[in-house]
Amino acid sequence: MKFTAGQIAQMLNGVVEGNPDVSVSTLSKIEEGKPGSLSFLSNPLYTHYIYKTEASIIIINRSFVPEHPVNSVLIRVESAEVAFGKLLELYNQIKNNKTGISKQCFIAETAILGNNIYVGEYSYIGENVVVGNNVKIHPQVFIGENTTIGDNTIFFPGVKIYSDNVIGKNCIFHAGVVIGSDGFRFAPQNEGNKKIPQIGNVVVEDDVEMGANCAIDRATLGSTIIRKGVKFDNLIHIAHNVEIGENTYIAAGAGIAGSTKVGKNCMISGHVAMTGHITIADGSSFGGQTAVSKSLTKPGQSYIGSPAMEASKFRRSIAVFRNLPRLSEQVDKLEKRQKG
Amino acid sequence: MKFTAGQIAQMLNGVVEGNPDVSVSTLSKIEEGKPGSLSFLSNPLYTHYIYKTEASIIIINRSFVPEHPVNSVLIRVESAEVAFGKLLELYNQIKNNKTGISKQCFIAETAILGNNIYVGEYSYIGENVVVGNNVKIHPQVFIGENTTIGDNTIFFPGVKIYSDNVIGKNCIFHAGVVIGSDGFRFAPQNEGNKKIPQIGNVVVEDDVEMGANCAIDRATLGSTIIRKGVKFDNLIHIAHNVEIGENTYIAAGAGIAGSTKVGKNCMISGHVAMTGHITIADGSSFGGQTAVSKSLTKPGQSYIGSPAMEASKFRRSIAVFRNLPRLSEQVDKLEKRQKG
Amino acid sequence: MKFTAGQIAQMLNGVVEGNPDVSVSTLSKIEEGKPGSLSFLSNPLYTHYIYKTEASIIIINRSFVPEHPVNSVLIRVESAEVAFGKLLELYNQIKNNKTGISKQCFIAETAILGNNIYVGEYSYIGENVVVGNNVKIHPQVFIGENTTIGDNTIFFPGVKIYSDNVIGKNCIFHAGVVIGSDGFRFAPQNEGNKKIPQIGNVVVEDDVEMGANCAIDRATLGSTIIRKGVKFDNLIHIAHNVEIGENTYIAAGAGIAGSTKVGKNCMISGHVAMTGHITIADGSSFGGQTAVSKSLTKPGQSYIGSPAMEASKFRRSIAVFRNLPRLSEQVDKLEKRQKG
């Protein structure tokens, strides 16, 4: 796809300075701009790049006054940052605008399909699945029987959704995500251990995004619940019967054990581990690698450490930890002098 | 699938109290019971829910005496808990009872298939693969050449088994599991590093279950071995030439490095990391995020910490760690007074 | 495949001692040697096994003098270790020598395919993809539009490469790897959060290997870059706009957050977590579970701990940590005596 400076200025309600017929086919950072790319300048710290960049077109604030000659065609807009964000979205929409149903996919006769959907090659849609409007199911996806999917949701290649789950609207699942695998529950027996059947499901509410290779287990009974607006990075583990509150963010590699309830608006950093059967208050935040083994009931607090401590206390303790050998020597000297 | 109270009572050897023709199509927790669902009451702490639940049928202990009127149909049995467990299993068996071979899958001519198997859409079974009886290969699974699979084993969608592996009976592999990828071994060279060929395999014994997106590497030479009854949660890494002893449990996100031998009946919590070439005694248990860098040879001990310490010692040290700033001040005061 | 002692001696430029017609079909460790297998003896600590092993053929150093009778056929070479390495490579090459394009795969008309490639069942190659010579695309792989792939690169089953990425020569991607999923970036809004479009890509240079189920996010703008010779173990997370320097090794379960630049020749152990927007000097090494939250600019240093400390300092601090209860008691006694 190619667009001219004139076309872009029209989309953004901007004014062209230079040849309106210059065209671009990609986007770039101003410091990495190449011919045929479009960039933007907003942060004053990057202003010097505008005199050197090879980007063919640059979006700038209406108020910008160049101090040297600029080679690129300029498009002046009210806010270069907002305008560029709008362009990114348009670009993404055009790129992800596939529709149609491949002849090389499997769709059960009892499945109900919405309008304007995409189903890619080698995908599988099971019995009684309900697919909303504008849903995009990329190649090699599996949707198990009785699962329902809300409008506008996107499944990237290779996502696996087990049977009986409920997926909301406007969700995005990246490649390799697994939803609805069995919870990790076994009952000890005389010989070995016996699997406890996992017959619940997973409910993912609207506006949820999950990164690549996340694994979300179904509930033993009832539902594992991912509330509206939750965002997961890559490689996250959510166990059976967990509930993640609205608009909570979880960074890559974190894991939440069985039946734990995480509140709304929490920020959980990478590699955080939470034990099972605990409750985390709304607005809690956790530093990287924090290990949480107890309920935390006071909203809006920050934690770090393994095991978790209030972040400010942990930092004071770790400052002493860094000098423990000195403290130990200090104590030995005190002892010697006292004895002497 | 719908079942009436009468049918269920017959399966469970129970007695119906109320209309035996009332039917249910799903199971629920008593506190979340909805019309059309079946629940059970066993824990006395939940007794009050029986008077409010909307579950259509409730399984109760023979001895239960209601103190208020109950709206649901009751089925009285010797033990409500045992009876409900039996129902869960039946439910699961019926749900997972697919058989037949899809026309849209690839099976090499030299593969040998058992009786009563299921092979789903877009699955691939390579040359000389041997598949036991009652095996279920869901859609989009890959089984590489020369791999053998024992009876009753289940592969959920998207499992990838490389060539030359040996998989036991009654195993369950959840979506996204990878078995037999190359071990992480390279030899330094003048320029860059050279891959050491990984030509061993993985042996998974009977009754093993692995959660979603686990990754088990093949041995360099010989076998990576997962013994009978081992259970893995999601997103676990097992390196080349590792051996995991019988009935050991590993929770989500843990990783075991190359050539380490873990004993029987160990309990390894989430995010535990073990270094390579060490030996872990039978019955060892590890708290979440423990880092193990040395062999642990005394059976039945508990460890926690990064690096690992005996759990009781770690707890005493961490208690002081939480108050390190106070200890440091105390020492400074002592010094001042001593000098003064 | 079977090979006789005579054939193998010829490949290795060695001399047979015993029946040159004895044949083998597999390789084994000398301590686990079985009839029909070939093994080697190099490490003197393993010499005693040569008198007991059932391996049919053993490669030994020219200089080896047996002290007891040996049952196996021997092949004498200059260096048994080097010769065995050569055999492993040959074995691997023969095993991975698939070519041809399956009739059950999808290749867009605009894709450009090199010579001598393999494309397995149910794989998908999108619009404008360019595939180099000798590339092996195993079954169920997805290659998104506009992605280019260098010569000799191998994709194991189920790898998912999103659109617009650039993959080098001689790379290996193990099953379940995801390249090019969206970065984890959202802008807070009045209600919930808004996804920031991720329109950059991933560039993987030559000679890179990635283990099973790794997840590499595309850049927001520009490229996430994995430099020449980088090796990843399993289950690794690389965020948007990260750069990993040449010949750096990362062990299983590690994660690098957005925009961080890791230098050349670094060694990053299992479960290491690095925060975003930092820079790591060339030749840095990190112990297991290290958490890195600040730039580290001095080359060639070793770190460990959460948060990271210089390794030698961490070890001294942790030695005191192990005895913190004793130190605390010591201080209390000093205080008592001083007061007394």
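Residues numbered from 1 in each chain as written. Chains lettered and ligands numbered in written order. Predicted model: local features only at pLDDT ≥ 70, side-chain atom pairs only at ≥ 80, totals over all residues.

A. Structural detail: the overall build of chain A. Helix and strand counts for chain A stand at 4 helices and 40 strands. Scaling as 2.2 N^0.38, a compact globule of 340 residues should have a C-alpha radius of gyration of about 20 Å, whereas chain A reaches 27 Å, well beyond that. Each principal axis of the C-alpha atoms in chain A carries an extent, and together these give about 85 × 80 × 30 Å. Burial analysis of chain A (340 residues in total) assigns 52% to the buried set. Put simply, of all contacts in chain A between residues at least 6 apart along the chain, 19% involve residues at least 24 apart. (Helix = DSSP H or I, 4+ residues; strand = E, 2+ residues; numbered from the N terminus. Rg over C-alpha atoms; globule rule 2.2 N^0.38 Å. Buried ≥ 20, exposed ≤ 12 C-beta atoms within 10 Å, placed from the backbone. Contact = placed C-beta atoms within 7 Å.)

B. Local environment of the relation of the copies chain C and chain A. The operation relating chain C to chain A is a screw motion whose rotation component is 120°, with 0.0 Å of axial translation and a residual RMSD of 0.1 Å. Put plainly, the chains are arranged around a three-fold axis. (Least-squares fit on C-alpha atoms with pLDDT ≥ 70 in both.)

C. Up close: helix H4 (residues 324-339) of chain A. All names here are of chain A. Between its terminal C-alpha atoms H4 stretches 23 Å, which fits the 22 Å expected from 16 residues at 1.5 Å a residue. Turning to H4, its buried residues number three or more, namely Leu324, Leu327, Ser328, Val331 and Leu334. Looking straight down H4, one finds that the buried residues subtend no more than 120° of arc, so they occupy a single side. Looking at H4, the residues exposed on the side facing more than 90 degrees away from the buried face are Glu329, Asp332, Lys333, Lys336 and Arg337. (Expected span 1.5 Å × (residues − 1). Arc of directions from axis to C-beta.)

D. Seen up close, the interface of chain C and chain B. Taken together, the contacts link 48 residues of chain C with 46 residues of chain B. Where the side of chain C that touches chain B is concerned, the elements lending two or more residues are helix H2 (80-95), helix H3 (311-322) and helix H4 (324-339) of chain C. Broken down by element, the side of chain C that touches chain B gets its largest block of residues, 7 residues, from H4(C). Along the lines of polarity and charge, the residues of the side of chain C that touches chain B split into 18 nonpolar, 20 polar and 10 charged. (Nonpolar A, V, L, I, M, F, W, Y, C, P; charged D, E, K, R; others polar.)

E. Structural detail: the sheet that holds strand S28 (residues 231-232) of chain B. Read from one edge of the open sheet, 12 strands run S8-S11-S14-S17-S20-S25-S28-S31-S34-S37-S39-S40 (chain B), paired in mixed fashion. A strand with exactly one partner marks an edge of an open sheet, and here the two such strands are strand S8 (100-101) and strand S40 (309-310) of chain B. (Pairing = 2+ DSSP bridges.)

F. Expanded view of the sheet that holds strand S15 (residues 142-143) of chain B. Read across the sheet, 10 strands follow the order S9-S12-S15-S18-S21-S26-S29-S32-S35-S38 (chain B) without closing on themselves; strand pairing throughout is parallel. This sheet does not close on itself; its edge strands, each paired only once, are strand S9 (106-107) and strand S38 (291-292) of chain B.

G. Examining the environment of C:Val131 more closely. Residue and element names in this part refer to chain C. On the secondary structure map, valine 131 appears in strand S13 (residues 130-131). For valine 131, a count of 24 C-beta atoms within 10 Å corresponds to the buried category. In this structure the C-alpha to C-alpha distance between valine 131 and isoleucine 75, which are 56 residues apart in sequence, comes to 42 Å. The residues touching valine 131, leaving out its near neighbours within four places in the chain, are Ala111, Ile112, Leu113, Gly114, Ile117, Ile125 and Ile149.

H. Quick peek at the interface of chain C and chain A. Counting residues at the interface gives 47 residues for chain C and 48 residues for chain A. Mapped onto the side of chain C that touches chain A, the elements with two or more residues apiece are strand S21 (178-181), strand S23 (193-195), strand S26 (215-217), H3 and H4 of chain C. Counting residues per element, the side of chain C that touches chain A draws most heavily on H4(C), at 6 residues. Taken together, the residues of the side of chain C that touches chain A break down into 23 nonpolar, 18 polar and 6 charged.

I. Broad picture of helix H2 (residues 80-95) of chain A. All names here are of chain A. Compared with the 22 Å implied by 1.5 Å per residue over 16 residues, the 22 Å span of H2 between its first and last C-alpha is a close match. For H2, the set of buried residues is Ala80, Ala83, Phe84 and Leu87. Buried residues in H2, looked at end-on, bunch into an arc of 95°, giving them a common side. Turning to H2, the residues buried within the fold contact helix H1 (5-12), strand S5 (37-41), strand S6 (57-61) and strand S7 (73-77).

J. Representation of the pairing of S6(A) in the model. Residues and elements named next belong to chain A. Counting buried residues in S6 gives 4 out of 5 residues, a clear majority hidden from the surface. Of the strand pairs in this sheet, S5 and S6 are connected by 4 bridges, and their pairing is parallel. When the sheet's bridge partners are listed, serine 39 is paired in S6 with isoleucine 58. As paired elements, S6 and S7 share 5 bridges and run parallel to each other.

K. Region of the structure containing the packing of H4(A) against H4(C). At a minimum axis separation of 10 Å, H4(A) and H4(C) run at an interaxial angle of 35°. Remark: the crossing between H4(A) and H4(C) carries left-handed chirality. Two secondary-structure elements touch here, H4(A) through A:Ser328, A:Val331, A:Leu334, A:Glu335 and A:Gln338 and H4(C) through C:Leu327, C:Gln330, C:Val331, C:Leu334, C:Arg337 and C:Gln338. Residues belonging to the contact of H4(A) with H4(C) are distributed by class as follows: 5 nonpolar, 4 polar and 2 charged. (Axes fitted to C-alpha atoms, helices over the stretch in contact; angles between N-to-C directions. Left-handed = near helix turned anticlockwise from the far one by under 90°.)

L. Just unusual backbone geometry, in detail. Following A:Ser306, the chain continues to A:Pro307 via a peptide bond in cis, the omega torsion being 10°. Of note, A:Pro307 is situated in the loop between strand S39 (302-304) and strand S40 (309-310). One non-glycine residue, B:Asn213, adopts positive backbone phi at about 60°. For B:Asn213, a count of 32 C-beta atoms within 10 Å translates into the label buried. A positive phi is found at C:Asn170, a non-glycine position, where the angle reads about 55°. Tracing the sequence through the fold places C:Asn170 in the loop between strand S19 (166-167) and strand S20 (172-173).

M. Structural context of the environment of B:Ala9. All names here are of chain B. With respect to the helices and strands, alanine 9 occurs in helix H1 (residues 5-12). Since 22 C-beta atoms lie within 10 Å of it, alanine 9 is described here as buried. Each C-alpha atom, one on alanine 9 and one on isoleucine 75, is 6.2 Å from the other, the two residues being 66 residues apart in sequence.

N. Here's a closer look at the pairing of strand S24 (residues 201-204) of chain C. The pairing of S19(C) with S24(C) spans 2 bridges and is classified as parallel. Bridging from a neighbouring strand, C:Ile167 pairs with C:Val204 of S24(C).

O. Structural view of the environment of C:Phe314. Residues and elements named next belong to chain C. With respect to the helices and strands, the residue phenylalanine 314 is situated in helix H3. Separated by 11 residues in sequence, phenylalanine 314 and tyrosine 303 have C-alpha atoms that sit 8.1 Å apart. Those residues in contact with phenylalanine 314 that sit more than four places away from it in its chain are Ile304, Gly305 and Met309.

P. Focus on the confidence of the model for chain A. A residue-level look at chain A finds 98% of positions with pLDDT of 70 or above and a mean pLDDT of 94. Interface confidence for the predicted complex, expressed as ipTM, amounts to 0.90; the pTM equals 0.92. (pLDDT = per-residue confidence, 0-100.)

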